[in-house]
Number of protein chains: 2
Amino acid sequence: MTRYFEDFAVGEVIECGSRTVSAEEIKSFAEQFDPQPFHLDEEAAKKGMFGSIVGSGWHSVCLCMRLTVDAVFNDTSNMGSPGVEKIRFIRPLSPGDTVSARIEVLESVPSRSKPDRGRLTFRFELNNQKNETIMDFEGMTIFGRRPAANAG
Amino acid sequence: MTRYFEDFAVGEVIECGSRTVSAEEIKSFAEQFDPQPFHLDEEAAKKGMFGSIVGSGWHSVCLCMRLTVDAVFNDTSNMGSPGVEKIRFIRPLSPGDTVSARIEVLESVPSRSKPDRGRLTFRFELNNQKNETIMDFEGMTIFGRRPAANAG
């Protein structure tokens, strides 16, 4: 059932599933978008801060996005995002990690100028198998309002 | 020549090259990380806000990252990023766009507790072929200081 603007309540938390990330996926992402040695080169990474390669922070963000799209956003009246605040890269994403995403509704603001929509702000969080937060951010999204509410 | 913390001056602007983005790349990114219909489904997108598919905002971010890594960050003393602020998704990324990246040094703060490093904040910007900004953000990065300065 499609979720509209008014179907998200401030304080609601939604668990968005999990997946395991391989070294190959970490290297494939890095080759495409962030080809720095500590994301790609196993030998160089052995001498580095973490003793092995670690995923790009943007890979953590993109994995979080994918999990939340599959679990929630793909069946909503999502009209797009004006922006994101406060991304924090807290812990490394390591090969073999099983990551899970959750979102929490932080704010819900009906549009004053456009009665067919409103803005929701979510906290996005990516956690590892020890339930430690790897990365989090606050994302704003514009949602269409439920047609009946709009007409009413 | 490797650039260290002290090799970036506040106000410095670095142009980071460009690339053209195909519909196939936009769909491939979306399939991996943001499989919403307006990034993937040409037929559905015709009826949407833009009249064609548009790239994920995270695709714009990742393209900007790749261009800046190739031009600058891959030959620096980069030790990783604590976080990012103020991502703004200003215009859509469209198939066929030629995007270019630029960075500007906003802030330079030597670490008080760790004399071997400092924090630089950059404005990252992705522009299209009309020189319109598609997306920008402020990213913090920790850099190692030049070994001589550290020893001195």
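Scroll up to find the structure this text is about.
Here we summarise the structure given alongside this text.

How each quantity is defined
Residues numbered from 1 in each chain as written. Chains lettered and ligands numbered in written order. Predicted model: local features only at pLDDT ≥ 70, side-chain atom pairs only at ≥ 80, totals over all residues. Heavy atoms only, no water. Helix = DSSP H or I, 4+ residues; strand = E, 2+ residues; numbered from the N terminus. Buried < 20%, exposed > 50% of the residue type's maximum accessible area, 1.4 Å probe, protein only. Contact = heavy atoms within 4.5 Å. Areas by Shrake-Rupley, 256 points an atom, 1.4 Å probe, with all protein chains shown as cover. Lys, Arg positive; Asp, Glu negative; His and termini not counted. Charge placed at Lys NZ, Arg CZ, Asp CG, Glu CD. Polar contact = N/O pair within 3.5 Å; in protein donor to acceptor, adjacent residues only side chain to side chain. Buried area = accessible area lost by both parts, 1.4 Å probe. Salt bridge = Lys/Arg side-chain N within 4 Å of Asp/Glu carboxyl O. Nonpolar A, V, L, I, M, F, W, Y, C, P; charged D, E, K, R; others polar.

### A closer look at the overall build of chain A
Argument step 1. Helix and strand counts for chain A stand at five helices and five strands.
Argument step 2. Counting helices and strands in the order they occur from the N terminus, chain A gives β-α-α-α-α-β-β-β-β-α.
Argument step 3. Its C-alpha atoms give chain A principal-axis dimensions of about 65 × 25 × 20 Å.
Argument step 4. When each of the 152 residues of chain A is scored for burial, the buried share is 44%.
Argument step 5. Restricting to contacts in chain A with at least 6 residues of sequence separation, those with at least 24 account for 72%.
Argument step 6. Carbon together with sulfur atoms contributes 49% to the accessible area of chain A, which is approximately 7000 Å² in total.
Argument step 7. Charged side chains in chain A number 18 positive and 22 negative. The centres of these two groups are separated by 5 Å.

### What about the side chain of S77(A)?
Residue and element names in this part refer to chain A.
Argument step 1. The topology assignment puts S77 in the loop between α4 (57-71) and β2 (78-89).
Argument step 2. Given the relative accessible area of 14%, S77 is considered buried.
Argument step 3. Of note is the side chain of S77, whose polar atom sits 2.8 Å from the backbone oxygen of G144.
Argument step 4. Setting aside chain neighbours within four positions, we find S77 in contact with T2, R3, Y4, F5, I142, F143 and G144.

### So, the interface of chain B and chain A
Argument step 1. With 34 residues of chain B in contact, the opposing surface of chain A contributes 34 residues.
Argument step 2. Taken together, both faces of the contact between chain B and chain A bury some 2900 Å²; the carbon and sulfur share is 58%.
Argument step 3. On the surface where chain B and chain A come into contact, there are two salt bridges.
Argument step 4. In this structure, E85(A) engages R88(B) in a salt bridge whose closest nitrogen and oxygen atoms are separated by 2.7 Å.
Argument step 5. Linking chain B with chain A are 18 residue pairs in polar contact (both at pLDDT 80 or more), by the criterion used here.
Argument step 6. Elements that contribute at least two residues to the side of chain B that touches chain A include exactly α1 (23-33), α2 (37-40), α4 (57-71), β2 (78-89) and β5 (133-144) of chain B.
Argument step 7. If one sorts the elements of the side of chain B that touches chain A by residue count, β2(B) sits on top with 11 residues.
Argument step 8. Partitioning the side of chain B that touches chain A into residue classes produces 20 nonpolar, seven polar and seven charged.

### A look at the pattern of salt bridges
Argument step 1. Summed over the entire model, instances satisfying the criterion amount to 32 salt bridges over all chains.
Argument step 2. With a shortest N-O distance of 2.9 Å, D70(B) and R66(B) are connected by a salt bridge. Residue D70(B) and its partner R66(B) are both found in helix α4; the two are separated by four residues, about one turn of the helix.
Argument step 3. Look at D70(B) and you get partly exposed, because its relative accessible area is 47%.
Argument step 4. One continuous salt-bridge network, built from bridges that share partners, spans E15(A), R102(A), R123(A), E125(A) and D136(A).

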